[in-house]
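The chain contents come next:
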Amino acid sequence: PTSTWGREFYVVPLKLRTKDTYRVLAAENNTIVKIEATGVVRTLNKGEFYEFELFSNQACRILSGKKVLLAQYCRSQRADTSTGEGDPFMIILSPVVQKISDVTFEAYESSKVKNIFYVNVITKIDEVSGMFLDGTSVSSSFIPFPDGKYSYAQIPITKGTHRLNNTVDKGGFLAFVYGFGNPYTKFAAYSPRDTDTIGNGAYFSPILISLPAVIVL
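Figured I'd write up the structure that's included with this text.

Side chains Y50, F52 and L54 of strand β5 (residues 49–55) all project onto a buried face; the interleaved residues F49, E51, E53 and F55 project onto a face where none is buried. Pairing geometry for strand β2 (residues 19–26) and β5, over seven bridges, is antiparallel. Across the sheet, residue R23 finds its bridge partner in β5, namely E51.

Set out below in structure tokens:
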């Protein structure tokens, strides 16, 4: 539902890919969208989308005057100029208001998926010190976004159960986990919160979805 869409997003490139494709979809007329990595500004009407590509060195913020839906697409191993593995897949990205503070997830073993897993994490720069993966600090893995407010990490992980959490008081993060195989993908996702009611008793429960060569949380 559009109540879970947002106005401010941070996009992180996928490991093992030269570039990713994105689509931003408008819910209302006269929606102005800005992609900070390229300086492109587009005005969209209800139901219209804008498709663009960002290279692996173009992690950035995307802003909109009205709520939008943002999707990130992984290019297949044959379409991308890198030496990556795996089929294409799509992620519905969460706006910054969807941050959580603690999650446990499974990077599950499969004969179709190689042991090539990553978790991409986004958090505020002043909350990086509180980021832990399986009880170990991962603060040294983070790189600031150009706007100087948030930072991101692309952290390699192994198969099995993992816990990601932020110990800073009222701290939080956004994350997605993915794993590559040949030629399959799989992903995991969270059920989104209603962004109109966050801060007023909204509840956000994690869910796990498995598909046949990338995992996303």
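There is more to say, and it comes next.
Evaluation of the coordinates by the stated rule reveals six salt bridges. Among the ionic pairs, E53 bridges to K19, the shortest N-O distance being 2.9 Å. Of this pair, E53 sits in strand β5 while K19 is found in strand β2, placing the two residues 34 residues apart along the sequence. Assessed through its relative accessible area of 36%, E53 is described here as partly exposed. For the salt bridge of R163 with D102, the shortest nitrogen-to-oxygen distance reads 2.4 Å. Of this pair, R163 sits in strand β14 (residues 160–166) while D102 sits in strand β8 (residues 102–107), and the two are 61 residues apart along the sequence. On the basis of relative accessibility, which here comes to 41%, the residue R163 falls in the partly exposed class. Of the residues examined, D102 reaches a relative accessible area of 35% and is grouped as partly exposed. Where salt bridges share partners, they join E8, E36, R61 and D147 into one cluster.

What counts and how
Residues numbered from 1 in each chain as written. Predicted model: local features only at pLDDT ≥ 70, side-chain atom pairs only at ≥ 80, totals over all residues. Heavy atoms only, no water. Buried < 20%, exposed > 50% of the residue type's maximum accessible area, 1.4 Å probe, protein only. Helix = DSSP H or I, 4+ residues; strand = E, 2+ residues; numbered from the N terminus. Pairing = 2+ DSSP bridges. Salt bridge = Lys/Arg side-chain N within 4 Å of Asp/Glu carboxyl O.

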